[in-house]
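Summary of the model geometry
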Amino acid sequence: MDWHQLWEIASAPDNVPIVAMLFLIPFYLWYALKQGIENDKLIAILESDANLAKTKYRKTQEWDPKWEREVHTWPYLMRMEFLVAIIVTVLLMVWSLTLNAPLEEPANPNVTMNPAKAPWYFLGLQEMLVYFDPWIAGVVMPTLVIVGLMVIPYIDANPLGNGYYTYKQRRFSIWTFMFGFVGLWVLMIVIGTFIRGPGWMWFWPGRTWDAERVDYAVNRNLDQVFGIDGSWTSAIFHVTKDQGAIWARVVFGIFPLIAFFIVAAILVHWICMRTEFSRKIYQRMSLLQLVTMYTFLIFMFSLPAKILLRLVFTIHYVWVTPWFSI
Amino acid sequence: MPEENGGSKEKTGVLEKVQADAAALRETLKEKTKQQVDGLKEPEKTQLYRSMFRVKHDDEPRNRALSVLSNVFFHLHPAKVNRDATKYNFTWGMGGITFYLFIVLTFTGVLLMFYYHPTKVQAFRDILYLENDVPFGKLLRNMHRWAAHLMIIAVWLHMFRVFMTGSYKRPREFNWCVGVLLMVLTMLLSFTGYLLPDDQLGFWAVTVGTNMARATPFLGHEGPLGGLLGMTPYNDVRFALLGGSIVDANALLRAYIWHCIAIPLIVSIFLGVHFWRVRKDGGISGPAPVMLESEIKEERNPRPVVLRPSGMSQHDK
């Protein structure tokens, strides 16, 4: 166990935000769920008693009928804002006085940094480069993430949970979001920061980052696993073995892809239909909403699927074509 | 003699006048000074004050509201807000913190610009100069860097909060989209700033980042079908980003312009829309009264949403 290595990574000035996030995200997740569960209890009481639902104050916050529903922005809101601004300033000042922004040697194209890492908030994308070619990891996936986030309001047909924390009323959307945000995005940043060392190789925490290390991992394409060598196609179409192999791979690769889409679609559908409530919401969705949601979810699942294939089964490409590979 | 008399009379006349004036002034001076000093005890009654602030700032409902509404900086707020929204636990203050950090970054960024030349010869030296010679230069740079990191975390947590409270739901769908774009712009702001010290860290981070652009489908020379549009390293999308085929002087200048001028301008416009829409979509979303499953209405088509002046939900009873 190389504690020094661990400390070196965790204390690198630019990694401080990620270390902070390791605490902040669980904290705020707990904070949100705590309020959600409080609201859920209130909802359960109101659902069971129709009369109470008409009369009871529908918030967990303190309430007195004599109070006004609205208070003056000045001072009640703005004093909080100024207070928070002061706290943030103090925090920033202390942070800036105690920790210096990193500055390396002058830029030198002839000396490659190893590992050469993107800024921490893009490490998820860089980690994705292990699993996908750059055009997917760097261009298609980020686009899907951005567009996928933007369509959320338009595909979420659940009218409940608008403006208050809840868990029970929005189980599906909360799990989906948590999977994408914490399970993929944040986790990949953490992997990219703490696990990936020189040569972007996998170093378990505590293992020394050895720049001389050589990995003998043999990554194979799926067609190689299945022994596709083009002997059939070259025989049938009377072409050379090399040309035959190319076409055999192109044809072969389509099948696992189709299989993935079918399995993922069934999985997504199964998740969407799990509870009676989500079936009810499903009924409210338009065809366009359904297709959009399923498409984005299937593409989201392609990442963990590829991570699994790569890290566990050491498979590089699933579909190899002369123009691009997936 | 009469002339002399007249002359002396005149002279004495002026003198007397002056003396009389002086005497009068001596008598009234005390009183006038007292008036002035007393006036300062109530500065809000001076012309200067009244020209700046149009309303009294005393503690009565009307003026509390007016002090918010009549101030250009404060009028982003409504005069009154949902009582429960003023507590920390609902919003976590993350949107406000993000905006505050944007202001801090603009402020420290402008100060940093005074010491920085976006040229290969000087950029790195400017950072050394800033760190070692400029008074508080190191603090300035540290604050700018850490505020940038903090802003990204705050943006993410803000999005997380908005998601967990379901605040993106009708009628706030569009504002969520604006928010997503703002988040992307925040990360781009930070990314373009990464190159500016012109050190190994920024150089290789930007090299790694922009190498991905090489692989853009159709638009990058290594991307699938890039050859179809005749892409080479000298005309593809990466070339456009860097102003060259390698990360060099042009890339530094482009990063600088994007970082200091173009993206902040775009962000400011989107911020304006974002805040405006928060108000126009009925203020912040909650904490709203809980809605029950039995109350879901059967409706498939979007209906127009009646604007309410504040964060109170339609279902509030």
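This is a predicted model, so every value here is computed, not measured. (Residues numbered from 1 in each chain as written. Chains lettered and ligands numbered in written order. Predicted model: local features only at pLDDT ≥ 70, side-chain atom pairs only at ≥ 80, totals over all residues. Heavy atoms only, no water.)

The helix and strand tally for chain B stands at 11 helices and one strand. Along chain B, helices and strands appear, N-terminal first, in the series α-α-α-β-α-α-α-α-α-α-α-α. Its C-alpha radius of gyration of 32 Å places chain B more than 25% over the 20 Å reference for a compact globule of 317 residues. In terms of its C-alpha atoms, chain B occupies a principal-axis envelope of roughly 115 × 70 × 35 Å. For chain B, with 317 residues in total, the buried portion stands at 46%. (Helix = DSSP H or I, 4+ residues; strand = E, 2+ residues; numbered from the N terminus. Rg over C-alpha atoms; globule rule 2.2 N^0.38 Å. Buried < 20%, exposed > 50% of the residue type's maximum accessible area, 1.4 Å probe, protein only.)

To continue, consider helix α2 (residues 16-48) of chain A. In this model α2(A) runs 48 Å from its N-terminal to its C-terminal C-alpha over 33 residues, within 8% of the 48 Å that 1.5 Å per residue would give. The axis of α2(A) is deflected most strongly, by about 25°, at A:Leu22, and proline A:Pro26 appears within four residues downstream. (Expected span 1.5 Å × (residues − 1). Bend = angle between axes of the 7 residues up to and from the residue.)

This part covers the packing of aromatic side chains. Under the counting rule described, the total for this entry stands at 38 aromatic pairs over all chains. With centroids separated by 5.9 Å and ring planes inclined at 70°, the aromatic side chains of A:Trp185 and B:Trp156 adopt a geometry described as edge-to-face. Of the two residues, A:Trp185 is situated in helix α7 (residues 171-195) and B:Trp156 in helix α7 (residues 137-164); the pairing between them involves two chains. The class for B:Trp156 is buried, based on a relative accessible area of 3%. Relative to B:Trp204, the ring of B:Phe203 has its centre 5.1 Å away and its plane inclined at 85°; by these criteria the two rings are edge-to-face. Take B:Trp204: its relative accessible area is 11%, and that puts it in the buried class. Above the ring of A:Phe203, the side-chain terminus of A:Arg213 is found at 4.4 Å from the ring centroid. Lying across the ring of B:Trp276, B:Lys280 places its NZ or CZ 4.7 Å from the centre. (Phe/Tyr/Trp six-rings, centres within 6.5 Å; stacked < 30°, edge-to-face > 60°. Lys NZ or Arg CZ within 6 Å of the ring centre and 35° of its normal.)

Residues and elements named next belong to chain A. Overall, the coordinates contain 17 salt bridges over all chains when judged by the stated rule. When the shortest N-O distance is used, the salt bridge between Asp223 and Arg249 registers 3.6 Å. Remark: Arg249 occurs in helix α10 (residues 241-272) and Asp223 occurs in helix α8 (residues 222-225); sequence separation between them is 26 residues. On the accessibility criterion, Arg249 (28% relative accessible area) is partly exposed. (Salt bridge = Lys/Arg side-chain N within 4 Å of Asp/Glu carboxyl O.)

Attention now moves to the side chain of B:Asn71. Turning to its location among the elements, B:Asn71 is positioned in the loop between α3 (61-69) and β1 (80-82). Residue classification places B:Asn71 among the buried positions, given a relative accessible area of 19%.

Right, let's talk about the interface of chain B and chain A for a bit. Counting from both sides, the interface comprises 102 residues of chain B and, opposite them, 110 residues of chain A. Summed over both partners, the interface of chain B with chain A comes to about 10100 Å²; 68% of that surface belongs to carbon and sulfur atoms. Sorting the residues of chain B by area buried against chain A places B:Arg83, B:Trp146 and B:Val290 first, and these three jointly supply 8% of that buried surface. On inspection of chain B and its partner chain A, the count reaches six salt bridges. The closest approach of N and O atoms between B:Asp84 and A:Lys59, which form a salt bridge, is 2.9 Å. Our count for the contact surface shared by chain B and chain A stands at 52 residue pairs in polar contact (both at pLDDT 80 or more). Counting residues per element, the ones that place at least two in the side of chain B that touches chain A are α3, β1, α4 (88-91), α5 (94-113), α6 (123-132), α7, α8 (173-195) and α9 (200-214) of chain B. For the side of chain B that touches chain A, the element with the highest residue contribution is α7(B), accounting for 19 residues. A per-class count over the side of chain B that touches chain A returns 60 nonpolar, 17 polar and 25 charged. (Contact = heavy atoms within 4.5 Å. Buried area = accessible area lost by both parts, 1.4 Å probe. Polar contact = N/O pair within 3.5 Å; in protein donor to acceptor, adjacent residues only side chain to side chain. Nonpolar A, V, L, I, M, F, W, Y, C, P; charged D, E, K, R; others polar.)

Before going further, it helps to spend a moment on the packing of α8(B) against helix α11 (residues 249-280) of chain B. Residues and elements named next belong to chain B. Contact geometry of α8 with α11 gives a least axis separation of 9 Å together with a crossing angle of 160°. Classified by the angle between their axes, α8 and α11 sit roughly antiparallel to one another. The handedness of the crossing between α8 and α11 comes out as left-handed. (Axes fitted to C-alpha atoms, helices over the stretch in contact; angles between N-to-C directions. Parallel < 35°, antiparallel > 145°, perpendicular 65-115°, else oblique. Left-handed = near helix turned anticlockwise from the far one by under 90°.)

With that settled, consider the nonpolar core. Ranked by internal contacts, the top residues of the largest apolar core, which has 110 residues, are A:Trp120, B:Trp156 and B:Trp176. For this core, the leading source of residues is α7(B), giving 18 residues. Not counting chain neighbours up to four residues away, the residues in contact with A:Trp120 comprise A:Asp14, A:Pro17, A:Ile18, A:Met21, A:Ile189, B:His149, B:Ile152, B:Ile153 and B:Trp156. By size, the runner-up hydrophobic cluster in this structure holds 26 residues, among which are A:Ile155, A:Val268, A:Phe301 and B:Val290. (Core = buried A, V, L, I, M, F, W, Y, C linked by side-chain atoms within 4.5 Å.)

With that settled, consider the packing of helix α4 (residues 73-98) of chain A against α3(B). Two numbers describe how α4(A) lies on α3(B): the axes approach to 9 Å, and their chain directions differ by 50°. By the angle between their axes, α4(A) is oblique relative to α3(B). Where α4(A) approaches α3(B), its residues A:Thr73, A:Trp74, A:Pro75, A:Tyr76 and A:Met78 are matched on the opposing element by B:Arg64, B:Ser67 and B:Val68.

The predicted model of chain B averages 86 in pLDDT, with 90% of residues at 70 or higher. Looking across chain B, the model is least confident in helix α1 (residues 2-41) of chain B, with a mean pLDDT of 77, and most confident in α5(B), with 96. (pLDDT = per-residue confidence, 0-100.)

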